[in-house]
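# Structural overview
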Amino acid sequence: MIAAAVCPGTFDPITKGHIDVVDRALTLFDRVIVAVHVSPDKKPLFSVEERVTLAVEALNGRDGVQVTQFDGLLVTFAREHGAHVVIKGLRAVSDFEREFQMAQLGHLLDEGVETLFMMASTEYQFLSSSAVKEIARYGGDVSGLVPVNVDRALKGRLWPREGGG
Ligand code: PNS
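Remember, predicted model here, so these are calculated numbers, not experimental data.

So, about the nonpolar core. In this structure, Ile14, Leu59, Val67 and Ile87 are the most contacted members of the largest nonpolar core, which totals 34 residues. Breaking this core down by element, the ones donating at least two residues are strand 1 (4-9), helix 1 (16-26), strand 2 (31-37), helix 2 (48-58), strand 3 (65-70), strand 4 (85-90), helix 5 (129-137) and helix 6 (148-158). Top contributing element to this core by residue count: helix 2, with 5 residues. With 11 residues, the next largest nonpolar core counts Val6, Val75, Ala78 and Val86 among its residues.

Below is the structure:
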């Protein structure tokens, strides 16, 4: 049997913290499905198609990784894709309550899907897509926090007149 795991998120945009979790998930699972939720209520900076493209480019060259968008419930998506495991990265303690609630609710909806938490690596403990967007919006340098294509896409979206993108 090929063991598959889902790494879900909004990925608006994908960061080096996300990529670190995917790379570590690949050491445990044969197949890792990066599932990009449409999340219109979060008013993402990038469309779901753009977020998928940025993730595909950023994860290029890794065997066993598939990037796909999804709408609806995570447990349904996991089932439909033959994955019994959901992997979430955990950063500071502040993540815990929300992630704990989501994992419990997910288990209530489908007890065949398990959520595994992976502690974020030390250098990415305080990294989030929201922080990246805020820094980039005010002209800060995020090149150490995101892959090159995302850095370029942020500049293009937030600073179009400066010639970004
Ligand atoms: O990047 P995020 O904000 O941590 O991603 C959250 C996401 C998209 C993984 C989460 O909101 C999700 O799984 N949404 C799909 C709907 C769902 O299943 N909600 C959880 C109820 S148990």
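Additional details are given in the paragraphs that follow.
Mapped onto the elements of the fold, Asp95 is located in helix 4 (residues 94-109). Residue classification places Asp95 among the buried residues on the basis of a relative accessible area of 12%. Polar side-chain contacts of Asp95 include one of 2.9 Å to the side chain of Arg91. The contact partners of Asp95, leaving out residues within four places of it in the chain, are Gly89 and Leu90.

Attention now moves to a nonpolar patch on the surface. A cluster of nonpolar side chains, contributed by Val93, Phe96 and Phe100, occupies part of the molecular surface with about 320 Å² of accessible area. Here Phe96 lies in helix 4.

On to the sheet that holds strand 3. Strands pair in a sheet through their backbones, by hydrogen bonds, and they do so in one of two ways: parallel or antiparallel. As summarised here, the arrangement of the 5 strands in space is 3-2-1-4-5, forming an open sheet in which the pairing is parallel. Strands with a single pairing partner mark the edges of an open sheet, and in this sheet they are strand 3 and strand 5 (114-119). Averaged over all neighbouring strand pairs, the angle between strand axes comes to 30°, with direction disregarded. Here helix 2 sits on the sheet and contacts strand 2 and strand 3; the angle it forms with strand 3, its principal contact strand, is near 170°. With respect to the sheet, helix 4 is in contact with strand 4 and strand 5, its orientation differing from that of strand 4 by roughly 170°.

Definitions and cut-offs
- Residues numbered from 1 in each chain as written.
- Predicted model: local features only at pLDDT ≥ 70, side-chain atom pairs only at ≥ 80, totals over all residues.
- Heavy atoms only, no water.
- Core = buried A, V, L, I, M, F, W, Y, C linked by side-chain atoms within 4.5 Å.
- Buried < 20%, exposed > 50% of the residue type's maximum accessible area, 1.4 Å probe, protein only.
- Helix = DSSP H or I, 4+ residues; strand = E, 2+ residues; numbered from the N terminus.
- Polar contact = N/O pair within 3.5 Å; in protein donor to acceptor, adjacent residues only side chain to side chain.
- Contact = heavy atoms within 4.5 Å.
- Patch = residues over 30% accessible without salt bridge, like charges linked within 9 Å, V, L, I, M, F, W, Y side chains within 5 Å.
- Areas by Shrake-Rupley, 256 points an atom, 1.4 Å probe, with all protein chains shown as cover.
- Salt bridge = Lys/Arg side-chain N within 4 Å of Asp/Glu carboxyl O.
- Pairing = 2+ DSSP bridges.
- Axes fitted to C-alpha atoms, helices over the stretch in contact; angles between N-to-C directions.

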